[in-house]
2 protein chains.
Amino acid sequence: MQISSRFSIGVHILSLLAIRPQDHHTSEWLAGSVGTNPVVIRRVLGHLKKAGLANVKAGSGGATLARELDEITLLDVYRAVDVVEEGNLFHVHEQPNPACPVGANIEKVLRLMMFKAQAAMEGVLAAVTMRELVDVLAREIEEKRAANG
Amino acid sequence: MQISSRFSIGVHILSLLAIRPQDHHTSEWLAGSVGTNPVVIRRVLGHLKKAGLANVKAGSGGATLARELDEITLLDVYRAVDVVEEGNLFHVHEQPNPACPVGANIEKVLRLMMFKAQAAMEGVLAAVTMRELVDVLAREIEEKRAANG
DNA sequence: TTTTATTGTAACCATATTAGTTACAACTCG
DNA sequence: CGAGTTGTAACTAATATGGTTACAATAAAA
C-alpha cells in the first residue's frame with residue numbers, strides 16, 4: 001500500500017509554478033517535467049484549483065499559484081489531492097464481535113492509537129511550507145548547476 | 001488509500017491471546033471475535049509467526065504469544081503484517097524529466113520530506129507496546145462491565 | 001491405528017484504486 | 001473564425017484487498 005503519487009505530482013506542479021513563474025504552464029508543459037500524461041496533470045491541477053492553491057485558465061491555458069508559497073503547507077497539498085480520507089489512514093476491520101469483550105472494545109482503542117500516529121505524520125507535513133521546500137529545491141538545483149555546469 | 005486492516009486484525013489477535021491466555025485460540029475462534037473468515041486470520045497469524053510474535057501449532061491448533069507484551073510494539077506488528085513497504089509509505093512519481101531542473105531535483109527533496117513524515121508516524125507506533133494497549137483495553141472492558149453489568 | 005480437528009496454502013472471485021490513454025465538447029483569445 | 005487548451009467522461013491494465021472453497025499435512029485424542 002502506498003499513498004498515491006497525486007501528492008508528489010501536486011508538489012511537483014506547485015514547485016514548477018513557483019520556480020518558473022514566467023512560463024506558460026499548460027498541462028502538456030507540466031506533464032513534460034513530471035513525466036506523465038497531460039490528463040493526469042489536469043486531474044491533479046483540478047484538485048489544486050478546487051482547494052484554492054492554483055488558478056487554471058480554461059481555453060487559453062496556463063496555471064499559476066493562487067497563494068503565496070508561505071501560505072501553502074505540504075498538508076494543504078496532501079489534503080487537496082485527496083489521497084487519504086481525513087482521519088482514515090488506517091483501515092480498521094469493521095465487524096468485530098460485540099459479544100466478545102475484546103471485539104466490543106478494541107475498535108475504540110485502535111482508533112485512538114492510529115489517530116495519534118496519523119496526526120504525527122500530518123503534523124510533519126503541516127510544518128513544511130512550499131516556500132521551504134522550494135528553497136531547498138532551488139539550492140539543490142544551484143549546487144548541481146555549479147558542480148556539473 | 002488506506003493501510004490494510006491486516007494491521008488492526010494483527011493487534012486484535014495479539015490482544016485476544018493476551019487477555020484470554022487460557023482459551024484454545026483456533027483460527028475459527030479468533031475469526032469469531034474479529035468478525036472475519038478463519039483463512040484471513042490464518043494469513044495474518046502466519047505473518048505474526050514469521051515475525052516471532054506468535055506461536056501457532058499445526059494439527060491440534062491454537063496460537064499463543066511468543067514474546068512478552070512489553071516486548072512487542074505496535075511498530076513490530078505493523079512491520080510483521082507487511083502493510084507498508086519499508087520507507088515507502090508515499091509513492092513518488094517515477095519518471096520526472098532529468099532535463100528539467102525541477103524534474104531532476106525534486107525527487108530527492110520529496111523523499112526527504114516524506115521520509116520525515118513517515119518516520120514520525122512510525123515513531124508513534126514504536127512508542128506504544130502491546131502491554132500498554134492491552135492495559136487500556138482491559139480498563140475499557142472493565143469500565144463498560146461496571147456500567148452495563 | 002483410526003478418527004477428529006486444525007493449520008498452511010493454493011486458487012479463485014468481486015471490488016476498489018491507480019495511472020495511463022483516447023476522445024471530445026466547451027472555452028479563450030489572437 | 002481558428003488554433004490551442006481545459007475539463008471530463010470513458011476505457012484499460014495492473015495491482016491490492018478481503019472473502020471464500022478446497023485440500024494435503026499435521027497433531028493429538030479415542
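Our subject is the structure that appears above.
These figures come from a predicted structure and were not determined experimentally.

> Help me out: how do you make sense of the pattern of salt bridges in this one?
A side chain with one charge can pair with a side chain of the opposite charge if their charged atoms come near. Applying the stated rule across the entire model yields 18 salt bridges over all chains. Among the ionic pairs, E140(B) bridges to K108(A), the shortest N-O distance being 2.7 Å. Here the residue E140(B) occupies a position in helix α6 (residues 130-148), and K108(A) occupies one in helix α5 (residues 101-127), the pair thus bridging two chains. Residue R131(B) pairs with D135(B) through a salt bridge whose shortest N-O separation is 3.5 Å. With R131(B) and D135(B) both in helix α6, this residue pair falls four residues apart, about one helical turn. Given the relative accessible area of 29%, R131(B) is considered partly exposed. The exposure class of D135(B) is partly exposed, given its relative accessible area of 33%. When salt bridges with common partners are traced through the structure, they connect D70(A), R131(A) and D135(A) into a single cluster.

> When you look at the layout of surface pockets in this model, what are you seeing that I'm missing?
By rolling a water-sized probe across the atoms, one finds the places where empty space is left. Residue and element names in this part refer to chain B. For the largest pocket, the calculated volume is near 150 Å³. Looking at the lining of the largest pocket element by element, the count peaks at three residues for helix α3 (residues 38-50). Looking at the lining of the largest pocket, its residues break down into three nonpolar, six polar and two charged.

Cut-offs applied
Residues numbered from 1 in each chain as written. Chains lettered and ligands numbered in written order. Predicted model: local features only at pLDDT ≥ 70, side-chain atom pairs only at ≥ 80, totals over all residues. Heavy atoms only, no water. Salt bridge = Lys/Arg side-chain N within 4 Å of Asp/Glu carboxyl O. Helix = DSSP H or I, 4+ residues; strand = E, 2+ residues; numbered from the N terminus. Buried < 20%, exposed > 50% of the residue type's maximum accessible area, 1.4 Å probe, protein only. 1 Å grid on protein atoms, 1.4 Å probe; cavity = no way out; pocket = protein on both sides within 12 Å on 5 of 7 lines; lining within 4 Å. Points joined across faces, edges and corners; volume = space filled by probe spheres on them. Nonpolar A, V, L, I, M, F, W, Y, C, P; charged D, E, K, R; others polar.

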